[in-house]
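# Examination of the molecular architecture
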Amino acid sequence: QKEVEQNSGPLSVPEGAIASLNCTYSDRGSQSFFWYRQYSGKSPELIMSIYSNGDKEDGRFTAQLNKASQYVSLLIRDSQPSDSATYLCAAAGGYSTLTFGKGTMLLVSP
Amino acid sequence: EAGVTQFPSHSVIEKGQTVTLRCDPISGHDNLYWYRRVMGKEIKFLLHFVKESKQDESGMPNNRFLAERTGGTYSTLKVQPAELEDSGVYFCASSLGDLETQYFGPGTRLLVL
């Protein structure tokens, strides 16, 4: 069974710090990886996608993928209170259906 | 551009009743997905439409769930009869092409009493 594992948190960081979110996946056939942000009661919003080993940067966000270790991470630099949300890691194999982790709650304190 | 919309936003029904959820994808998106999040669990895939055809319905829990997408536009998900374990948040997502970014709707919160 395909699984994506995340620490549920909460992960608490002070404003301006780097937040590091991690996930592991079980299906070696997974090819695409996504980080969604979900505010309480709202829909998941895609913030990063990554398909190749290495780092991908977009503004304050950096996604990292290591397929050998089946590990995906998301770094948020200069964390802001508005970044406080649940971050969902998702993986997709040859087909487009997403397998989600339970999410990590991030709390950024002013 | 309007996003994915879902109706209703909330539904409270009694066990044994029928509920129909609706999803309107982003205009022009051929791919439509249904997902569900049961309390305390992760979001789980239910099924995937490409236009009006079911591409993958491997995540549908049982035959009490029926999804349709007539004309390849909006989709409905009917639960009949509803059971207590069907409670959760039902999300719809759409994408322009297969393997492309999925945009999620706000979800329908279903509570079966």
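Note that this is a predicted model, so its numbers are computed, not measured.

### Section: the interface of chain A and chain B
- Between chain A and chain B, the residue contacts involve 18 residues of the former and 20 residues of the latter.
- Taking both sides of the interface into account, the surface hidden between chain A and chain B amounts to around 1600 Å²; carbon and sulfur atoms contribute 54%.
- It is Ser96, Phe100 and Lys102 of chain A that lose the most area in chain A upon contact with chain B, and together they represent 34% of the buried surface on that side.
- Along the contact surface separating chain A from chain B lie zero salt bridges.
- Linking chain A with chain B are four residue pairs in polar contact (both at pLDDT 80 or more).
- Put simply, the parts of the chain that give the side of chain A that touches chain B at least two residues each are β4 (32-38) and β10 (98-100) of chain A.
- Its residues placed into classes, the side of chain A that touches chain B shows seven nonpolar, nine polar and two charged.

### A word on the packing of aromatic side chains
- This structure, assessed with the given rule, holds 11 aromatic pairs over all chains.
- On the basis of an interplanar angle of 45° and a centroid distance of 4.6 Å, the ring pair of Tyr25 of chain A and Phe33 of chain A is categorised as tilted.
- With a relative accessible area of 6%, Tyr25 of chain A lands in the buried category.
- Among the aromatic residues, ring-to-ring pairing joins Tyr36 and Phe100 of chain A together with Tyr33, Tyr35, Phe45, Phe91 and Phe104 of chain B into one connected group.
- Residue placement shows Arg60 of chain A over the ring face of Phe61 of chain A; its charged tip is 5.5 Å from the ring centre.
- Its end group placed over the ring of Tyr74 of chain B, Arg22 of chain B keeps NZ or CZ at 3.7 Å from the ring centre.

### Brief notes about the environment of Thr108 of chain B
All names here are of chain B.
- Following the sequence through the fold, Thr108 ends up in strand β11 (residues 108-112).
- With 100 residues separating them in the primary sequence, Thr108 and Pro8 have C-alpha atoms 6.0 Å apart.
- With sequence-adjacent residues up to four places away left out, Thr108 is seen in contact with Gln6, Phe7, Pro8, Ser9, Leu21, Gly88, Val89 and Tyr90.
- At 2.5 Å, the side chain of Thr108 and the backbone oxygen of Pro8 are in polar contact.

### Topic: the pattern of salt bridges
- Under the criterion given, the structure shown has nine salt bridges over all chains.
- The residue Arg37 of chain A makes a salt bridge to Glu45 of chain A at a minimum N-O spacing of 3.1 Å.
- Here Glu83 of chain B and Lys15 of chain B are joined by a salt bridge, their closest N and O atoms 4.0 Å apart. Within this pair, whereas Glu83 of chain B is found in the loop between β8 (75-79) and β9 (88-95), its partner Lys15 of chain B is found in the loop between β2 (10-13) and β3 (19-24), the two being separated by 68 residues in sequence.
- On the basis of relative accessible area, Glu83 of chain B is assigned to the partly exposed category, the value being 22%.
- Among the charged side chains, a salt-bridge network with shared partners connects Arg36, Arg64, Glu85 and Asp86 of chain B.

### Describing the pairing of strand β8 (residues 71-76) of chain A
Residues and elements named next belong to chain A.
- Inspection of the sheet shows strand β3 (residues 19-25) paired to β8 by six bridges, in the antiparallel sense. Note on β8: the bridge partner recorded for Asn22 is Ser73.
- Bridge count for strand β7 (residues 61-66) against β8 is six bridges, and the pairing is antiparallel. Bridging across to β8, Ala63 finds its partner in Leu74.

Rules and cut-offs
- Residues numbered from 1 in each chain as written.
- Chains lettered and ligands numbered in written order.
- Predicted model: local features only at pLDDT ≥ 70, side-chain atom pairs only at ≥ 80, totals over all residues.
- Heavy atoms only, no water.
- Contact = heavy atoms within 4.5 Å.
- Buried area = accessible area lost by both parts, 1.4 Å probe.
- Salt bridge = Lys/Arg side-chain N within 4 Å of Asp/Glu carboxyl O.
- Polar contact = N/O pair within 3.5 Å; in protein donor to acceptor, adjacent residues only side chain to side chain.
- Helix = DSSP H or I, 4+ residues; strand = E, 2+ residues; numbered from the N terminus.
- Nonpolar A, V, L, I, M, F, W, Y, C, P; charged D, E, K, R; others polar.
- Phe/Tyr/Trp six-rings, centres within 6.5 Å; stacked < 30°, edge-to-face > 60°.
- Buried < 20%, exposed > 50% of the residue type's maximum accessible area, 1.4 Å probe, protein only.
- Lys NZ or Arg CZ within 6 Å of the ring centre and 35° of its normal.
- Pairing = 2+ DSSP bridges.

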